[in-house]
Amino acid sequence: MSLAVQIRQPGGPEELQLVDVPVGEPGPGQIRIRHHAIGLNFIDVYHRTGLYPLTMPAGIGMEGAGVIEAVGEGVTHLRPGDRAAYASQPPGSYCEVRVMPAQCVCRLPDAIDFETAAGMMLKGLTAQYLLKKTLPVEGLHAGDYVLFHAAAGGVGLIACQWAKALGLQLIATAGTDAKCRLALDHGAAHAINYHTEDFVARVKDITAGRGVKVVYDSVGKDTWDKSLDCLRPFGLMASFGNASGPVPPFAPGALGAKGSLYVTRQTLFTHIATRESTQAMADELFNVVASGQVQIRIDQRYPLAQVQQAHRDLEARKTTGSTILLP
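Computed from a prediction, not measured in an experiment: that's the story for all the values here.

A. Spatial organisation of the pattern of salt bridges. All told, the structure shown has 13 salt bridges when counted by the stated rule. We note a salt bridge from glutamate 284 to lysine 132, for which the minimum N-O separation is 2.2 Å. With glutamate 284 in helix α10 (residues 275–290) and lysine 132 in helix α3 (residues 121–133), the pair connects residues that are 152 residues apart, well separated along the chain. Take glutamate 284: its relative accessible area is 27%, and that puts it in the partly exposed class. For lysine 132, a relative accessible area of 32% puts it in the partly exposed group. Its salt-bridge partner being aspartate 144, residue lysine 213 comes within 3.0 Å of it at the nearest N-O pair. Of this pair, lysine 213 sits in strand β12 (residues 212–217) while aspartate 144 sits in the loop between α3 and β9 (145–148), placing them 69 residues apart in sequence. Across this residue pair, the class does not change: lysine 213 and aspartate 144 are buried. The network of salt bridges with common partners includes Glu25, Arg32, Arg34 and Glu69.

Right, dumping it as structure tokens:
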């Protein structure tokens, strides 16, 4: 048996219930992992509220790190006793032990501890595919400006550091002056408090009126329209989340009027659809963390039993950096 968090219907944090669940042996292509740390992400809120529907009752959580206890037939890249970490479907990481597909589970280098791994897999792989794969038609080169919303969060602080390592001029937005300072401390070239400043005007001022090549936006509804106005001609609007709500329908003709813009909606799970792509992306993430170019900041730790409070704090924008749950 294992303690695990389940939801039986969509709703608020009160729907997150700690229950005992049976854990069996891994089948073909599966592993059993005992968690030492679990990652908290905004996609977990989308699952809990029903924005991304799940079949009920449902486990929740997409990220974790721990030790492999058993492997099923056909699994060759992991062995019992291996330290491992993952960002993976299906949801269910909020637990002590689970059986899950092995495809997206990666052996963890000795240089990276469990808490760091649980705080970086989903967020770090997201930053990787954004900065290295989700690129404007003209590409990104050292000195180019990019705009990154919610830059003091887990993905954002990793992106600030990684962008600096790539020579990019990352313009960060955040909701408080303290969060802006945090983004600057982690490599952002500029920071804008979007509650007290017009971020479109500031972006145009910073870029001498030209705009940025790409906007990376996990906020959604509240930042969408103004973000389009921050782009230079042929710029890319890269949506990868909707913390403020889904983006409403818009007229494609507006993209032409604003400079022949491109729009994309990205998700990590397309990028890690194969074992090979998952491992390649993870290796790049492990290397940039082990080198010290990117440091994983874990600002909140909650016992698994306090998962409801963790979700309340995340939704209230009280968190910075990465948040982990401890089983």
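B. Structural detail: the environment of glycine 167. Secondary-structure assignment places glycine 167 in the loop between α4 (154–165) and β10 (169–174). Non-local contacts of glycine 167, meaning those with residues more than four positions away in its chain, are made with Ala142 and Gly143.

C. Spotlight on helix α6 (residues 199–206). For α6, the full list of buried residues reads Phe199, Val200, Val203 and Ile206. The arc enclosing the buried residues of α6, seen along the axis, measures out at 130°, which places them on a common side. Those residues of α6 hidden inside the fold are in contact with β9, β10, β11 (190–193), β12 and α7 (224–228). Structurally, the start of α6 carries an N-cap: the backbone nitrogen of valine 200 is 3.0 Å from a side-chain oxygen of aspartate 198. Just downstream of α6 lies alanine 208, where phi reads positive at about 55°.

D. Structural context of the side chain of glutamine 6. Mapped onto the fold, glutamine 6 is located in strand β1 (residues 2–7). Aside from chain neighbours lying at most four places away, what touches glutamine 6 is Glu15, Leu16, Gln17, Val19, Val21, Pro57 and Ala58.

E. Fine view of the environment of leucine 54. By the secondary structure assignment, leucine 54 is in the loop between α1 (42–49) and β4 (58–59). Taking relative accessible area as the criterion, leucine 54 reaches 23% and is therefore assigned partly exposed. When the C-alpha atoms of leucine 54 and glutamate 138 are compared, they prove to be 38 Å apart, with 84 residues separating the residues in sequence. The residues contacting leucine 54, other than those within four sequence positions of it, are Ile7, His47, Gly59 and Pro91.

F. Highlighting the pairing of β1. For β1, a buried count of five out of six residues is recorded, marking the element as mostly surrounded by other parts of the structure. Pairing of β1 with strand β2 (residues 17–21) involves five bridges; the strand directions are antiparallel. Residue pairing in the sheet places leucine 3 in a bridge with aspartate 20 of β2. The sheet contact formed by β1 and β4 spans two bridges and is antiparallel. The partner of isoleucine 7 across the bridge, within β4, is alanine 58.

G. A look at the sheet that holds β9. If you trace the six strands from one edge of the open sheet to the other, you get β11-β10-β9-β12-β13-β14, paired in parallel fashion. For this open sheet the edge positions go to β11 and β14 (262–265), each flanked by a neighbour on one side alone. Across the sheet, the mean angle from the axis of one strand to that of its neighbour is 15°, orientation sign disregarded. Bridge count between strand β13 (residues 231–239) and β14: four bridges; the pairing is parallel. Note that in β14 the partner of methionine 237 across the bridge is valine 263.

H. Structural detail: the pairing of β12. In terms of burial, β12 is a largely internal element, six of the six residues being buried. Pairing analysis gives three bridges linking β9 to β12, with the strands arranged parallel. Pairing of valine 146 across the sheet is with valine 214, part of β12. Two strands pair when backbone bridges link them, and β12 and β13 are joined in this way by five bridges, in the parallel orientation. The residue bridging valine 212 from the neighbouring strand is leucine 231, located in β13.

Definitions and cut-offs
- Residues numbered from 1 in each chain as written.
- Predicted model: local features only at pLDDT ≥ 70, side-chain atom pairs only at ≥ 80, totals over all residues.
- Heavy atoms only, no water.
- Salt bridge = Lys/Arg side-chain N within 4 Å of Asp/Glu carboxyl O.
- Helix = DSSP H or I, 4+ residues; strand = E, 2+ residues; numbered from the N terminus.
- Buried < 20%, exposed > 50% of the residue type's maximum accessible area, 1.4 Å probe, protein only.
- Contact = heavy atoms within 4.5 Å.
- Arc of directions from axis to C-beta.
- Polar contact = N/O pair within 3.5 Å; in protein donor to acceptor, adjacent residues only side chain to side chain.
- Pairing = 2+ DSSP bridges.
- Axes fitted to C-alpha atoms, helices over the stretch in contact; angles between N-to-C directions.

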